[in-house]
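These are the residues of each chain, in order.
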Number of protein chains: 2
Amino acid sequence: MHKIGIVGAGIAGLHLALYLQQRGVDATIITDRTPEELAKGRLLNTVAHHHTTLAREEALGVNHWPDPNQHYYYHDHWLNIPGSPLNFSGRFSKPSRAVDYRIYLPALMEDFTDRGGVIEYGRIEEDDIAALVDRFDLLVVSTGKGPLGAIFSHDPDESPFQQPQRRLSVGLYSGVRHTDPMNVTLSLSPGAGELIVIPTITFDGVGTALLMENVPGGPLEQTVTTKYDDGPAAFRQTVLEGLEQYHPAVYDRIDTTRFDLCQPNDLLQGGLVPTVRKTSVEFDNGKFAIALGDVHVTVDPVNGQGANIASYAAFVMGEEIMKAPSLDRRFVEHVDMARNDRCLGAARWSNLMMAPPSEEMQMLLGAMSQNKALCDEFTENFNWPERQWDNLSSPTRIRSWIERSAPARAAE
Amino acid sequence: MHKIGIVGAGIAGLHLALYLQQRGVDATIITDRTPEELAKGRLLNTVAHHHTTLAREEALGVNHWPDPNQHYYYHDHWLNIPGSPLNFSGRFSKPSRAVDYRIYLPALMEDFTDRGGVIEYGRIEEDDIAALVDRFDLLVVSTGKGPLGAIFSHDPDESPFQQPQRRLSVGLYSGVRHTDPMNVTLSLSPGAGELIVIPTITFDGVGTALLMENVPGGPLEQTVTTKYDDGPAAFRQTVLEGLEQYHPAVYDRIDTTRFDLCQPNDLLQGGLVPTVRKTSVEFDNGKFAIALGDVHVTVDPVNGQGANIASYAAFVMGEEIMKAPSLDRRFVEHVDMARNDRCLGAARWSNLMMAPPSEEMQMLLGAMSQNKALCDEFTENFNWPERQWDNLSSPTRIRSWIERSAPARAAE
């Protein structure tokens, strides 16, 4: 029986650990933060789980948030083109749902330990690696922190950027009206950036995540550089002024008298470099470490793909562990064959969104505003990023998708 | 509608052309040899089609050789270890069949043209390429001959050899008794090489292909260097003496008074370097050429994989052409994702057979001689080389396979 060491307790590590636990495989999680520390800590991210991920949670018996009133059902798009704004929506075949990870991760850690799983707490230092390699048949590395996160080299073919492409200001807010039924709102302002509004289950009911994806050097950068702790009123004012000017449809949903972070530590400001890394390292004794989740593929959050592909990859890896006679080079190859198209599809599509929209992307947005079926397909494909990439990977493919999707014209 | 140019009329090009023709796609074959030239020419190869390939022939409506008496049903293995020879056999789940390609290829070319397909005859020169790129939406290159065969660069990761690993003496012979039911006999003589005996449908009933895979510098090299045309009797004598000493079980089936090439041009002597090539080239105008069959993966014939993976890859490519909105980089990626595991599995497994057997491979041969189910699985996997590679890709995996396959021991 394989003995698996999983370093990191994010969604990737937890979904894999729970998957293996269900099947009686010896899996140990090693992480540096307890559930209590996570729950009390700063906002970790803003993450939506699409229905393919919810189905995996069902399979693991960890879907603790089944209330349909707390789910969201469609994407509402606002294209803030001066003079000719566009608004159109696309529906998912099944709802999505977002939970604050300070609730989500501790809940799954508790599920794992309640079922007899072992989580070891502590930081891994360089000197610890040899003993870990010795102890397990496979090291799954699902956190970029520490010396193990650094052993996977960049894949230059899939990593076009050296710098963050957006400056992120990400917070959980009160005072933003929910739609009925709830949606995720995607507000795009050329030159300023994107705003993704996500109804999110928090410690205090359903709040609102505002994920501001600001163009570096653009007019909304102050939402990243202004510190809440230096003066909450000034911070709120900066965000509100930015929203009013560049994301007016979202601003219209705000009760300015109640608008604030849910808690002072519900804010993240910064940026990340979208990066794909080589997936494995072979140690001298022939054992392997394999990357899972963000360590493998770090995407900009604009398309909400990171957690979903991490969960997908965790299941793929679990399946391959169950099948593999040996956790070796061929095992890694099987994992990569099974996960890479979706994971890389998500990365490439997210990278594409970082560039100013091509003529064809503009045509697509225009076509979606006129063609509900096309917009529904685009929306549903947040579950299937490899299919999105089939349609978006070249200008010719985008044109072809628009043409295929054109409704048959009625005789005039 | 895509317009496909297929350069080369081997099994890869023909199976793809027939597949596309069935689906109404415009596919043109370009080749330098007419059916009549092929039929009159020198032996092309010795090739067995396993049942997965026969199923594809059924699907194409080109299985013209359905007589079960002309098929073969199992592999018979002879391990000529001095002092302790081993003999054991493994059965296929469904029979295999070999046809002289001077019959096979012309028959399929006729099928294609009878059904309205166009075959253009002529050599392609460097100067012709631009016009071909212009004329078609995709160039499928399924012959290594000519300037198009040379545009695909080596894949060094999958091409470990710079030299042929065997010196081949390949002929169609009369005077070799068939077994009943027929089999393919694999005779291994450490230091001398392998002999594969294939009952083959010829112009004159079922003859016998002797595929001698001789170790360079080994005792059977003379079967490669002795020329039939310099003296048929001396050539026959050389072959017979070699068989008697190194492949005695096959020699025992020979009626030496009748033993001869079926026709003087039924002999090939030489060697090939197992090679994997990059699969595509993008031209300046954004169109692609994609490699199919031997041009993509050239395997040593020891495992009889080349034609079978070429046919498999042709079907994969056909399916992807039907699905692709654009025959571009993403199309190539889809083709490679779908075909590579099987094609590379065949290449790696064949390459493994070129090396002196490891301790584990010797254990496996011993285990197969004692365990019919294990030997049947090994034999059936000639249809599924990727599964063979799952079991053979490391010493640990070979041991694990032997252990998993060990019959449960009865209580003693």
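Numbering of residues starts from 1 in each chain and follows the order in which that chain's sequence is written. The naming scheme follows written order: chains are lettered A onward, ligands numbered 1 onward. For a predicted model such as this one, the threshold for reporting local features is a pLDDT of at least 70, and the threshold for listing and counting side-chain atom pairs is 80 or more; totals across whole chains, interfaces and linings nevertheless cover every residue. Neither water nor hydrogens contribute to the side-chain values; these are computed over all heavy atoms in the structure.

Draft legend 1. Structural view of the interface of chain B and chain A. Contacts were defined at the residue level, with two residues in contact if any of their heavy atoms lie within 4.5 Å. Tallying the contact residues gives 20 residues for chain B and 20 residues for chain A. The term buried area denotes the loss of accessible surface (1.4 Å probe radius) that occurs when two parts are joined, taken as the sum for both partners. Carbon and sulfur atoms make up 40% of the area that chain B and chain A hide from each other, which totals about 1500 Å². Salt bridge criterion: a side-chain nitrogen from Lys or Arg within 4 Å of a carboxyl oxygen from Asp or Glu. Summed over the shared surface of chain B and chain A, the result is 8 salt bridges. Close ionic contact of D341(A) with R330(B) constitutes a salt bridge, the shortest N to O distance being 2.9 Å. Distance and chemistry together define a polar contact, namely a pair of N or O atoms within 3.5 Å, with one atom able to donate a hydrogen and the other to accept it when in protein, and with adjacent residues in sequence counting only for side-chain atoms on both sides. Inspection of the chain B/chain A interface yields 14 residue pairs in polar contact (both at pLDDT 80 or more). Counting residues per element, the ones that place at least two in the side of chain B that touches chain A are α11 (329-354), α14 (385-392) and α15 (395-405) of chain B. With 7 residues, α11(B) is the largest single contributor of residues to the side of chain B that touches chain A. Here the nonpolar group is Ala, Val, Leu, Ile, Met, Phe, Trp, Tyr, Cys and Pro; Asp, Glu, Lys and Arg are the charged ones; every other residue, Gly included, is treated as polar. Grouping the amino acids of the side of chain B that touches chain A by side-chain chemistry returns 5 nonpolar, 6 polar and 9 charged. The numbering of helices and of strands both runs from the N terminus, where a helix is a DSSP run of H or I of at least 4 residues and a strand a run of E of at least 2.

Draft legend 2. Representation of the relation of the copies chain B and chain A. The superposition of copies rests on a least-squares fit of C-alpha positions from residues with pLDDT of 70 or more in both. You can overlay chain B on chain A at an RMSD of 0.0 Å; the transform is a turn of 180° with a shift of 0.0 Å along its axis. Taken together, the rotation and translation relating the two chain copies correspond to the operation of a two-fold axis. Looking at the rotation axis and the C-alpha trace of chain B, the residue lying nearest is M337(B), at 3.7 Å. Looking at the interface residues of chain B, 100% of them are also at the interface in chain A, so both copies use one shared face.

Draft legend 3. Local environment of the packing of aromatic side chains. Only the six-membered ring of Trp is used, alongside the rings of Phe and Tyr, when aromatic pairs are assigned; centres must lie within 6.5 Å, and planes under 30 degrees apart are stacked while those over 60 apart are edge-to-face, with the rest tilted. Applying the stated criterion across every chain yields a total of 20 aromatic pairs over all chains. Taking the centre distance of 6.0 Å and the plane angle of 65° together, the rings of Y72(A) and F92(A) count as edge-to-face. Linking Y72(A) in strand β4 (residues 72-79) with F92(A) in strand β5 (residues 86-98), this pair joins segments that are 20 residues apart in sequence. Only protein chains enter the accessibility calculation, which uses a 1.4 Å probe; a residue whose area is less than 20% of its type maximum is buried, one above 50% is exposed, and one in between is partly exposed. Classification of F92(A) by relative accessible area gives buried; the value is 5%. Aromatic side chains Y101(B) and Y104(B) sit 5.1 Å apart centroid to centroid with 15° between the ring planes, which places their arrangement in the stacked category. Pair noted here: Y101(B) and Y104(B) are both in helix α4 (residues 101-114), with a separation of 3 residues, about one helical turn. Y104(B) shares its class with Y101(B); the two are buried.

Draft legend 4. Examining the environment of S326(A) more closely. Tracing the sequence through the fold places S326(A) in the loop between α10 (306-323) and α11 (329-354). Measuring from C-alpha to C-alpha, the distance between S326(A) and F382(A) comes to 34 Å, with 56 residues separating the pair along the chain.

Draft legend 5. Expanded view of the pairing of strand β4 (residues 72-79) of chain B. All names here are of chain B. Most of β4 is tucked away: 7 of the 8 residues are buried. Each pair of strands is called paired provided DSSP finds at least two bridges between the two strands. In the sheet, β4 pairs with strand β5 (residues 86-98) via 7 bridges, with the strands oriented antiparallel. Bridge pairing in β5 places Y72 opposite S96. Counted along the chain from β4 to the antiparallel partner β5, the turn is 6 residues long, and its residue G83 has a positive phi close to 90°. Relative to strand β9 (residues 183-189), β4 is paired through 6 bridges, and the arrangement is parallel. By the bridge assignment, H75 is partnered in β9 with V184.

Draft legend 6. Representation of the UniProt feature "domain: Styrene monooxygenase StyA putative substrate binding" (unreviewed entry) in chain A. UniProt positions are given in the numbering used here, feature names are shortened, and annotations may be inferred rather than shown by experiment. UniProt tags residues 144-253 of chain A as "domain: Styrene monooxygenase StyA putative substrate binding" (unreviewed entry). The span residues 144-253 of chain A carries 25% helix and 32% strand; its end-to-end C-alpha distance comes to 37 Å.

Draft legend 7. Representation of the packing of helix α1 (residues 11-22) of chain A against helix α4 (residues 101-114) of chain A within the structure. Residues and elements named next belong to chain A. Angles here are taken between N-to-C directions and fall from 0 to 180 degrees, while the axes themselves are lines fitted to C-alpha atoms, restricted in helices to the stretch in contact. Two elements in contact, α1 and α4, have axes separated by 10 Å at closest approach and are oriented at 25°. Classified by the interaxial angle, the pair formed by α1 and α4 is roughly parallel. Classified by chirality, the crossing of α4 by α1 is left-handed. Residues I11, L14, H15, A17, L18 and Q21 of α1 pack against Y101, Y104, L105, L108, M109, D111 and F112 of α4. Note on terminology: angles under 35 degrees are roughly parallel, angles over 145 are roughly antiparallel, angles of 65 to 115 are roughly perpendicular, and the others are oblique. Left-handed describes a crossing whose near helix is turned anticlockwise from the far helix by less than a right angle; the clockwise case is right-handed.

Draft legend 8. How the structure looks around the sheet that holds strand β15 (residues 280-282) of chain B. Residue and element names in this part refer to chain B. Ordered by their spatial adjacency, 6 strands build an open sheet running β6-β2-β1-β7-β16-β15, and the pairing between neighbours is mixed. Single-partner strands in this sheet number two, and they are β6 (118-121) and β15. Averaged over all adjacent pairs, the angle separating strand axes in this sheet is 20°, with direction ignored. Across 4 bridges, strand β1 (residues 3-7) lies against strand β7 (residues 138-141) in parallel orientation. Following the sheet pairing, G5 is matched in β7 by L139. Helix-sheet contacts for α11 involve β7, β15 and β16 (288-291), and the interaxial angle to β16 is about 10°.

Draft legend 9. Local environment of unusual backbone geometry. Going from D180(A) to P181(A), the amide bond is cis rather than trans, its omega being 0°. Relative to the helices and strands, P181(A) resides in the loop between β8 (167-174) and β9 (183-189).

Draft legend 10. View of empty space enclosed by the protein. Residue and element names in this part refer to chain B. Detection works on a 1 Å grid of protein atoms alone, calling trapped sets that fit a 1.4 Å probe cavities and calling open sets with protein on both sides within 12 Å along at least five of seven lines pockets, with lining residues defined by an atom within 4 Å of a point. Grid points are joined across faces, edges and corners, and a volume is the space filled by probe spheres set on the points. In this structure the tally under the stated criterion is 8 cavities of 30 Å³ or more. Roughly 100 Å³ of internal volume is contained in the largest cavity. Residue lining of the largest cavity: 15 residues in total, with I196, I198, V302, N303 and G304 positioned closest to the centre. Looking at the lining of the largest cavity, the elements with two or more residues in it are β4, β9 and β10 (193-202).

Draft legend 11. Summary view of the sheet that holds strand β7 (residues 138-141) of chain A. All names here are of chain A. Spatially, the 6 strands line up as an open sheet ordered β6-β2-β1-β7-β16-β15, and their pairing is mixed. Both outer strands of the open sheet, β6 (118-121) and β15 (280-282), are each paired with one neighbouring strand and no more. Neighbouring strand axes in the sheet, compared pairwise and without regard to direction, differ in orientation by 20° on average. Here 5 bridges tie strand β1 (residues 3-7) to strand β2 (residues 26-31), and the two strands are oriented parallel to one another. Across the sheet, V7 pairs through a bridge with I30, a residue of β2. Sheet contacts for α11: β7, β15 and β16 (288-291); angle to β16, the most-contacted strand, approximately 10°.

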